[in-house]
Structures are given as structure tokens and as C-alpha cells.
Amino acid sequence: MTETNNTAAAEKALLDKFLKDNVSFIGPDKEINKNHHVNPRSLREDELLKQGVNSHKMAEIRSNLQSALDETFGIAEQTVASPAASCGDMSTGYFTPDGDLAIASTFGVAGFTVTLHYAIRWIMKYFKDEPTVGFKAGDGFLLNDARFGGIHSPDQHLFMPVFDGDEHIGWTVCAMHEGEIGARDPGGMGPSIESIWDEGFRGTPIKLVENYLIKRDLASLVQHNSREPHVIMADFKARLSACMRMERRMKEQVAQYGVDAVIAFMRSNVEYMAEESRRRVRDLPDGTARVSMYMDHTMREHAMMRTNFNFTVKGDRMIVDMRGSSPEIANRPINALTTCLCVGVSIALAHQVWPDLPCSQAIIDCFEFVLDENTVVAASELVPTALSMQVMFKIVTACEIAMSKFYYGAPTRYANTKAGWFNQPQAVMYGGINQHHDSVGNMCGDLNGMAGGAKFNEDGEHSIAPNFGCRTDTGESEEAEEGLPFVSVISKKIWPDNVGFGKFRGGAAYSYGMMRFGDQPFGFQTICGGSYFPSTMGLFGGYACTTYGVCRVRGKNLFETFKQSPDLWEADIFQFMNEQAVEEATYESLPSAVLFDLYAEGELFMQSQGAGGGYGDVLERDTDLVVKDLEEGVISHETAREIYFVVYNEETLIVDRTATEAARSAERKARVNRGQSWDEFVSEHVTEEPPADVPYFGSWNGSEELYAGPYGKGLPGQLPLIMMPDPKDVEIAQLKAQLAQQG
Amino acid sequence: MKYLATEYVQIDLDNEVWECRTCDHTLGSARENYKIFTKIYNRNPQEIHRPKLDPTKYEFTFSPNPKVCAIYEFYCPNCGTMMDVEYTVPGALPLHDFELDIDALKEKMQGRTPVVDAGEGVDTTQALREGAHDHSCSHDKNYGGQR
């Protein structure tokens with residue numbers, strides 16, 4: 001019997017080995033991707049920390065490595081060619097050998113490094129002992145597919161292991177938004193992406209660097225899959241330089257303090273962040289803050305896709321329940337992997353809630369995420385996610401708002417209580433041939449010109465930084481004009497009422513317009529929602545931002561018109577569009593997701609950055625601040641009169657304070673009179689089903705079933721694959737039906 | 001003891017009721033959604049965010065579409081302060097946006113001095129100091145308590 005058992009065990013072992021040695025494809029690892037928590041200590045780390053360490057020495061190492069990260073961030077930012085990374089859309093970081101982010105650069109976008117523990121864990125699991133791969137000092141892995149870690153495929157990252165002799169003691173990482181990766185549209189995240197196969201080059205971890213040298217064959221492979229091969233190579237080098245400098249600085253710490261101290265620091269900093277964030281959550285009141293928002297566009301058609309973010313504090317745990325969010329849409333790029341949502345929470349915490357903490361994924365170690373698979377917040381690996389930030393930016397805002405509520409009465413806060421930061425990637429993406437005869441395809445740095453949310457004690461900042469990274473830069477119009485064939489006819493113009501109104505108002509945001517110059521094939525596209533339904537919410541009675549669209553004037557070379565009417569150089573979007581002064585031109589106002597198209601010389605493409613949410617009751621706004629807004633062109637007279645209820649002389653802007661108080665008092669009474677009780681309101685306005693003529697996706701009034709637009713409704717997991725028809729086919733069908741009706 | 005929940009509502013923990021922070025009006029049980037006790041108005045979003053483009057010329061006017069967007073405004077039934085604003089799809093139930101565990105809150109507030117002004121409690125440098133040198137937080141535990 002024993003002999004039989006031994007034989008069976010041997011055969012099973014042989015079979016297991018055969019299967020292990022003959023895996024035909026190593027893809028993304030679901031178990032790795034489901035685990036955002038900190039790794040258990042390694043034996044080495046455990047032994048060192050049990051011995052106890054000198055906290056002053058740890059603080060010195062932390063300061064030195066932090067300086068090294070900010071130094072290398074600067075090196076990379078100044079040497080990259082990617083327009084986004086050169087505006088600071090990047091990050092550098094040190095990881096433990098097992099893949100926990102020990103410390104990240106204070107500049108840039110924390111979101112890049114806080115999601116790369118997945119990738120290092122994957123490399124350690126599949127490649128560390130793989131005879132054909134492995135790694136040693138001087139090697140580096142390139143990655144851009146978010147299914148292995150990261151946000152979306154236009155981002156590219158380089159990972160380099162650091163060794164002390166033969167001992168692997170950590171990783172250096174330089175992560176950034178690269179942009180152009182040969183996707184269906186220029187720039188890697190265009191609106192027409194319909195499948196993962198449209199997303200362009202999908203790099204699994206590839207050992208691009210050996211012995212500190214970029215392997216030319218692999219580099220050529222990646223370059224050949226991009227419209228910007230020169231940018232790709234420049235940025236490979238920038239990332240490699242940054243990682244090598246980080247390695248050098250880490251070795252200097254080893255030389256100064258000893259390898260044990262450096263390993264102990266890395267691990268203890270991870271544990272500090274995990275424990276400190278847990279302590280901070282424990283300090284909050286137990287309860288639930290619920291934030292629901294809508295994505296109003298799939299990038300091809302209008303759809304009201306609900307996103308639910310319910311944050312529950314329970315002791316020292318934070319549970320983020322996202323159930324009830326819209327089902328995923330299999331042929332649209334607005335889905336997000338759960339890993340991406342974890343990033344969104346980390347970003348909000350790192351930049352807006354706990355900016356004083358060192359940053360790592362450890363700050364969400366006490367967070368738990370509850371969700372339904374195959375929804376926009378937990379997309380499967382087979383649906384496109386190139387514009388996952390449509391969902392991720394929502395959870396950034398939701399986390400800001402939820403935490404502002406939890407912190408309002410808390411004994412200690414670490415940042416200002418404030419309304420939502422604008423949350424749409426309101427940048428123009430471009431592609432084609434530039435004036436230097438180079439192939440280009442990327443996005444303008446205007447993406448970072450988002451406005452800040454109003455705070456509990458002051459107004460939000462105008463167009464200052466993106467919601468995903470408050471320590472970044474905004475692109476310069478002149479720099480863009482040097483490398484791209486357009487002229488910024490409207491360059492960063494503030495327009496009235498583009499703020500979230502409130503006791504304190506959200507920051508205003510600028511509009512801009514690009515006019516094609518030259519006859520090269522060159523075009524534009526945009527990738528935003530928020531044209532039907534505001535994207536960014538206010539707080540405690542403050543209003544949201546408004547909605548935005550793309551405007552274009554085509555069919556005429558406006559340079560010729562400008563020669564005749566030079567006053568047009570001063571026009572803004574609304575003057576162009578409302579006055580329609582250019583004869584024979586076509587004027588169009590579109591939702592903010594516009595497919596790529598080529599534009600002829602003199603055609604004009606315009607849009608606007610978005611405002612931050614407002615804070616508090618508009619009737620409490622200081623009248624002096626209302627007048628200041630008027631003087632600066634931030635609001636209109638209609639808003640001053642009819643929303644803020646300020647009585648003043650429109651010529652002198654002198655406020656009649658007595659009349660203003662009377663007007664505001666009357667409005668307060670009017671509110672009480674026109675407001676309905678809960679029961680009256682529910683009876684008159686709340687419906688059992690979503691409006692029949694609204695393409696609605698997600699739960700409705702707490703339903704367990706998810707609505708799925710034209711696909712009806714069903715319980716999560718029981719819905720069919722949702723494939724939206726091509727809008728052009730829909731239009732053709734409508735036209736055919738009209739023709740048929742006409743006989 | 002009063003607990004400041006938002007800019008405009010607080011909880012009287014002794015009586016377990018929501019109150020308006022502007023006029024001290026008692027709204028109702030703190031174990032229920034405070035919005036139940038407010039006056040609610042269904043606002044056309046275009047009254048707040050007026051069209052910037054001529055609606056006779058364009059469908060998209062930089063103004064929300066009332067077909068898919070409504071603004072629910074929540075007022076104190078006594079003084080008319082606007083306590084909250086919610087942007088939602090017409091027909092949707094108002095969101096129960098903030099629900100506190102009253103029993104846990106009472107326990108947590110024991111021995112604490114309640115915050116009485118929104119400006120209190122802001123100390124953006126404290127944790128950094130703790131993390132670097134102060135010896136009272138969890139950081140020390142990680143370092144084995146030795147210095």
C-alpha cells in the first residue's frame with residue numbers, strides 16, 4: 001500500500017513539474033492583483049527589526065533616500081521627452097525586495113509608484129528564478145500593461161533591482177506617463193479604443209536593461225510600436241539614468257550605515273505608514289460617508305454610468321464599498337481594474353488628506369474594497385481600460401469628499417477640509433506630422449491645469465494642478481507651439497462663472513483654443529466626460545462645477561480671416577461660437593469626447609479646463625469676495641445678483657449691504673417656503689425606475705439589480721456581455737428608418 | 001456634548017438629535033438620515049449653471065442637461081440655510097450621504113474635547129514631527145523602541 005502511495009505521489013510530482021515547466025503563457029496574476037496589502041516581513045527583515053533599530057539612524061536614512069528620490073525625480077523630469085512626464089506626471093521610488101513601496105518622491109504623481117508593488121511581486125514570482133530571465137545588478141524591467149501593475153497602458157515604468165554583493169536589497173523604480181504606444185488613436189488612450197487589442201503595445205515586464213545598458217533589439221521592438229520612436233528612446237534613457245542614480249544613492253547609504261540598517265529602514269518605513277494610517281482611521285468617527293457620481297459618456301456615446309463609493313470607518317478599518325456601480329462596457333475604454341481604484345484612494349490620501357505622510361501603498365493597508373466583478377470599478381482583464389482614469393478620478397474626488405466629512409469633527413486633521421478638485425483630463429490629444437517632419441502623437445500639458453476645490457476657510461486655486469498630483473506643472477503654450485503645428489489662438493483665458501459657487505468658491509479654470517498651422521497631416525481628439533452632468537462635486541452646500549464641451553470652427557482658414565479682422569485675436573470661445581463672425585465656416589459644439597480627426601490649416605479647436613467644487617451656502621459668501629470675483633472676471637453680474645443675492649451698483653461695484661442682507665434674508669425665507677418635506681419630495685419626484693429616455697447604467701435607488709442601458713437589468717454577474725453598437729451604425733439605422741417612414 | 005458633523009449640522013450626543021449649526025433648530029433623531037428633517041427643493045441645474053453658448057444654435061452649451069441632471073437642495077426648515085446640495089439623475093432617491101454610528105461616537109468622544117470650530121484640529125505638521133523625532137507614535141514600536 002505504501003509503495004502504491006509512493007508511486008502515485010511520484011507520478012503526481014512528475015506531472016506537476018511537467019505542467020509547471022510547460023506553461024505556454026504567463027499572464028496577469030489575479031491573486032497578486034487582488035492583494036493591495038503589505039507583504040509579511042521576510043525572515044531577514046524580521047530578524048533585523050526584532051533586534052531593534054536606532055530611530056535617529058532610520059530618520060537619517062529616510063531623509064537621505066527622500067532627497068535621492070527628489071533629486072532623481074528632477075533628473076528624469078528635466079530629461080524626458082514625453083510632454084506629460086516633463087510636466088511632472090511621474091514618480092520615483094524605492095521598494096523592498098519583495099515589492100513594498102518603502103518611500104516615494106515628494107514631487108510628481110504618487111499614483112504611479114503606489115501601484116507598482118503588483119508588478120514587482122509578479123517579477124519575483126515568475127521571473128526571479130526563471131532560467132531564461134532572472135535578474136542581477138544592472139538589469140532593468142520595463143512595464144506598461146496595467147494588468148501587471150500601474151494605471152493604464154500609456155504609462156511606462158522601469159524597475160531596477162539593487163544588490164549589496166550577492167544580496168538583493170531592494171528595487172528602484174522610475175514611473176511616468178509616456179503617452180504614445182501605438183494604440184488605435186495617437187497618445188495611447190484615445191476615445192475610439194474598443195478592445196484591449198486597440199490599446200497598442202502591451203508590455204509585460206520585459207528585461208530591457210542588462211548590465212546598465214538598454215538592449216537595442218528590445219528597444220527597437222517597443223519603438224517600432226510607437227508613433228514617437230525618438231521620444232520612447234529618450235525616455236528609456238531618462239528612466240535608466242534616474243534608476244541608476246537611485247541605486248548609487250542607496251549604495252551610499254549602505255556604505256555609510258551598513259546594509260542591515262538600510263534593509264531595516266525600508267521595512268520599518270512600510271510598517272510605519274501602515275500603522276500610522278491605521279491609527280489615523282481609528283481616530284475618525286465610526287460611520288459611513290456615501291458619494292455617488294456619474295460618468296456621462298463612454299467616449300463614443302452618452303450614457304449615465306453610476307459610480308458608488310461608500311466609505312465606512314469601523315474601528316481601525318476603512319471599508320470602501322463600490323457595489324451598485326455601472327456594469328463594465330466591453331467595447332469602450334472607460335473601465336478600470338480594481339488595482340486602479342486602489343491607486344485612486346492612495347492618491348487622494350497622499351495628496352489631499354495625509355500629505356504629511358511618506359507615501360506608499362501601505363497607507364491603504366487598513367482599507368478593504370468591496371465590489372462586484374465585471375463592473376466599471378472592477379473590470380475583467382479582457383475589456384479595454386485605456387481611459388481607466390475616468391473611474392479613478394471619480395474615486396479620488398469621492399475619497400476627498402468622504403474624508404472631509406469624517407475629518408470635520410475629528411480632533412486632528414492633516415490637511416484642509418475642502419470640496420472636490422476638478423477631475424477630468426481636459427487636455428487636447430494630438431497626432432500626425434509636426435513642423436519638424438517628425439511623427440508625433442501625445443497630449444498637451446494642459447491636462448494638469450485643473451482647478452482646486454474650495455476650502456473651509458478660503459477659495460480654491462485657479463487652474464493649478466491635476467487632482468491626481470498636486471506637485472506637478474502645467475504645460476506652456478509656447479513650448480507646445482515649438483514642437484507642434486498649431487498656434488494657441490486662445491491661450492489660458494479665464495471665463496466668468498466657471499467656478500463652483502459657494503461660501504467659498506472653487507478655483508476657476510482657463511479655456512484655450514488651438515488653430516492648425518501648416519499643411520502637414522495633423523489632428524486632435526479629446527477624452528473627457530462631464531458634458532451632460534457635472535463631473536466634480538462641491539461640499540456642504542457648495543455647488544459643483546458646470547459642464548464642458550469641445551467647440552470647433554472648421555471649413556475656413558481663419559488665418560486669412562484674422563488678417564481682415566485682427567480683433568478676433570482677442571475673442572474667446574463664446575465670442576467665436578455665439579457671434580459666428582467668420583462667414584462660410586462651420587461651428588460645432590460637441591461633448592468632450594471627440595474622435596481623432598485631421599484638421600486643415602486655419603481650423604480652430606477649443607475647450608476649457610474645469611473648475612473646483614464650491615464650499616458652503618452661497619448666501620454666506622462675503623460680499624467683498626463677490627465683488628473681487630466680479631473685478632477679476634471670475635463671475636458674471638447675473639451670478640452676483642441671482643445666486644449670491646448681492647445688491648450693488650454694476651458700474652461702481654459698490655455694495656448696498658443693508659439691501660443685500662434683506663435680499664439674502666428674503667431668499668432664506670423663500671427656500672423654506674418652496675422646499676418640500678421628505679415625504680412630499682419623495683412622493684412627487686422619486687421614481688421606481690430610471691427615466692425611460694436616459695441610458696442608465698448601475699443600481700437605481702439601492703436596487704441589487706444593475707441597469708445596463710439597452711441591455712435591460714440583472715443581478716451582478718448575471719448580465720450579458722455589454723457591447724455598445726457603433727454610433728455610426730445607430731445613426732445609419734435611424735436615417736434608414738426615417739427614409740422608410742417617408743416611403 | 002455637541003459633535004460637529006458638517007459645516008451646517010451637529011449632533012447633540014446627549015439627546016441623540018441632529019441640530020442646525022446656524023440656528024440650533026433640532027432637526028430629528030441622530031440615528032436617522034438628517035436629510036429626512038430638511039426642506040428639499042428640486043432645482044433645474046440650468047438656473048445655477050446658465051448656458052454660455054446660445055441654446056438656439058447649439059445642443060451643448062456648457063450647462064448641465066436637465067434631462068439627466070437635477071440639483072437637490074436641502075434647507076434647514078427653520079432658518080433656510082442650505083445644508084447640502086446633491087447632483088443626481090432626476091427621479092433618484094436623495095443619498096444618505098453621512099451616517100454616523102452614534103454608540104461608537106459616544107464612546108470615542110469620552111475624554112475628548114469636542115471640536116467647536118472648523119478651523120480647529122488642523123495640524124499638518126504634527127505627524128511629520130512625530131514621524132521624524134517625536135517618540136509617542138507607532139513609529140517607535142517599529143524601531144524597537146531604541147534610540
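Residues numbered from 1 in each chain as written. Chains lettered and ligands numbered in written order. Predicted model: local features only at pLDDT ≥ 70, side-chain atom pairs only at ≥ 80, totals over all residues. Heavy atoms only, no water.

Asker: Would you mind going over the overall build of chain B with me for this structure?
Answerer: Check the secondary structure of chain B and you find 4 helices and 8 strands. Moving toward the C terminus, one meets the helices and strands of chain B in the order β-β-β-β-β-α-β-β-β-α-α-α. In chain B, which comprises 147 residues, the share counted as buried stands at 52%. Considering only residue pairs separated by 6 or more positions, chain B has 39% of its internal contacts joining residues 24 or more positions apart. Only carbon and sulfur atoms are counted for the fraction: they give 45% of the accessible area of chain B, which is about 5,900 Å². (Helix = DSSP H or I, 4+ residues; strand = E, 2+ residues; numbered from the N terminus. Buried < 20%, exposed > 50% of the residue type's maximum accessible area, 1.4 Å probe, protein only. Contact = heavy atoms within 4.5 Å. Areas by Shrake-Rupley, 256 points an atom, 1.4 Å probe, with all protein chains shown as cover.)

Asker: What is the right way to read the environment of Arg278(A) from this model?
Answerer: All names here are of chain A. Position of Arg278 among the secondary structure elements: in helix 9 (residues 259–282). Distance in space between the C-alpha atoms of Arg278 and Ile363 is 7.9 Å, their sequence separation being 85 residues. Not counting chain neighbours up to four residues away, the residues in contact with Arg278 comprise Asp316, Asp365 and Cys366.

Asker: Sorry, what's going on with the packing of aromatic side chains here?
Answerer: In this description, a pair of aromatic rings is defined by centroid distance and the angle of the planes. By the definition in use, this model includes 39 aromatic pairs over all chains. Ring centres 5.0 Å apart and planes at 40° place the aromatic pair Trp122(A) and Tyr126(A) in the tilted group. Taken together, the residues Trp122(A) and Tyr126(A), both in helix 6 (residues 117–126) and 4 residues apart, mark about one turn of the helix. A residue is classified by how much of its surface remains accessible, and Tyr126(A), at 24% relative accessible area, is partly exposed. Among the aromatic side chains, those forming a connected cluster through ring pairs are Trp122(A), Tyr126(A), Phe127(A), Phe135(A), Phe141(A), Phe148(A), Phe163(A) and Trp171(A). The cationic tip of Arg280(A) hangs over the ring face of Tyr414(A); the distance from NZ or CZ to the ring centre is 3.6 Å. Sitting over the face of the ring of Phe574(A), Lys52(B) holds its NZ or CZ atom 5.8 Å from the ring centroid. (Phe/Tyr/Trp six-rings, centres within 6.5 Å; stacked < 30°, edge-to-face > 60°. Lys NZ or Arg CZ within 6 Å of the ring centre and 35° of its normal.)

Asker: In this structure, what is going on with the interface of chain B and chain A? I would like to understand it.
Answerer: Interface size is often expressed as the accessible area that is lost when the parts come together. Facing 93 residues of chain B, the contacting portion of chain A comprises 104 residues. Note on chain B versus chain A: buried area summed over both sides is about 8,400 Å², and carbon and sulfur give 57% of it. Along the contact surface separating chain B from chain A lie 6 salt bridges. The partner of Glu99(B) in a salt bridge is Arg290(A), with the nearest N and O atoms 2.6 Å apart. Taken together, the connections running from chain B to chain A amount to 39 residue pairs in polar contact (both at pLDDT 80 or more). Its residues assigned to classes, the side of chain B that touches chain A shows 43 nonpolar, 26 polar and 24 charged. For strand 8 (residues 287–297) of chain A and strand 8 (residues 98–100) of chain B, the ladder comprises 3 bridges, and the chain directions are antiparallel. Directly across from Gly287(A), in strand 8 of chain B, lies its bridge partner Leu100(B). (Buried area = accessible area lost by both parts, 1.4 Å probe. Salt bridge = Lys/Arg side-chain N within 4 Å of Asp/Glu carboxyl O. Polar contact = N/O pair within 3.5 Å; in protein donor to acceptor, adjacent residues only side chain to side chain. Nonpolar A, V, L, I, M, F, W, Y, C, P; charged D, E, K, R; others polar. Pairing = 2+ DSSP bridges.)

Asker: What is the right way to look at helix 17 (residues 657–674) of chain A in this model?
Answerer: Spacing of three or four residues puts side chains on the same side of an α-helix, whose turn is 3.6 residues. Given a rise of 1.5 Å per residue, 18 residues ought to cover 26 Å, and the 25 Å separating the end C-alpha atoms of helix 17 of chain A matches this to within 8%. Of the surrounding secondary structure, the elements contacted by the buried residues of helix 17 of chain A are helix 15 (623–631) of chain A together with strand 5 (39–43), strand 6 (70–75) and strand 7 (82–88) of chain B. Where helix 17 of chain A starts, the residue carrying a side-chain oxygen 3.3 Å from the main-chain nitrogen of Thr658(A) turns out to be Asp656(A). (Expected span 1.5 Å × (residues − 1).)

Asker: Looking at this structure, I do not really get the domain arrangement of chain A. What am I missing?
Answerer: Residue and element names in this part refer to chain A. According to the domain assignment, chain A consists of domain 1 (46–278) and domain 2 (422–613). The C-alpha-based centres of domain 1 and domain 2 are spaced at 33 Å. Every contact between the two is made by 23 residues of domain 1 and, on the other side, 25 residues of domain 2. Of the roughly 1,800 Å² buried between domain 1 and domain 2 on both sides combined, carbon and sulfur atoms contribute 59%. When the area that domain 1 buries against domain 2 is broken down by residue, the three leading residues are Cys87, Pro186 and Pro191, summing to 31%. Where domain 1 meets domain 2, there are 0 salt bridges. The tally of links from domain 1 across to domain 2 stands at 10 residue pairs in polar contact (both at pLDDT 80 or more). (Domains from an automatic or database assignment.)

Asker: Looking at this structure, I do not really get the sheet that holds strand 19 (residues 597–598) of chain A. What am I missing?
Answerer: Paired through their backbone hydrogen bonds, the strands of a sheet run either parallel or antiparallel. All names here are of chain A. Overall, antiparallel pairing links the 4 strands, which are arranged 13-12-16-19 in an open sheet. Whereas interior strands pair on both sides, the edge strands pair on one side only; in this sheet they are strand 13 (439–443) and strand 19. In this sheet, strand 16 (residues 522–525) lies alongside strand 12 (residues 429–433) in antiparallel orientation, the contact comprising 4 bridges. Residue pairing across strands places Gly431 opposite Gly523, the latter belonging to strand 16.

Asker: Just checking my understanding: could you explain the pattern of salt bridges for this structure?
Answerer: When the charged atoms of two side chains lie near each other, side chains of opposite charge can form a pair. Residues and elements named next belong to chain A. Under the defined criterion, the tally for this structure stands at 79 salt bridges over all chains. Between Asp316 and Arg282 there is a salt bridge, with its nearest N and O atoms 3.7 Å apart. In this pair, Asp316 is assigned in the loop between strand 9 (302–314) and strand 10 (317–321) and Arg282 in helix 9, connecting sequence segments 34 residues apart. With relative accessibility at 41%, the residue Arg282 sits in the partly exposed group. A salt bridge links Lys503 to Glu620; the nearest nitrogen and oxygen atoms lie 3.7 Å apart. Of the two residues, Lys503 sits in the loop between strand 14 (486–494) and strand 15 (510–516) while Glu620 sits in the loop between strand 20 (604–608) and helix 15, which places them 117 residues apart along the sequence.

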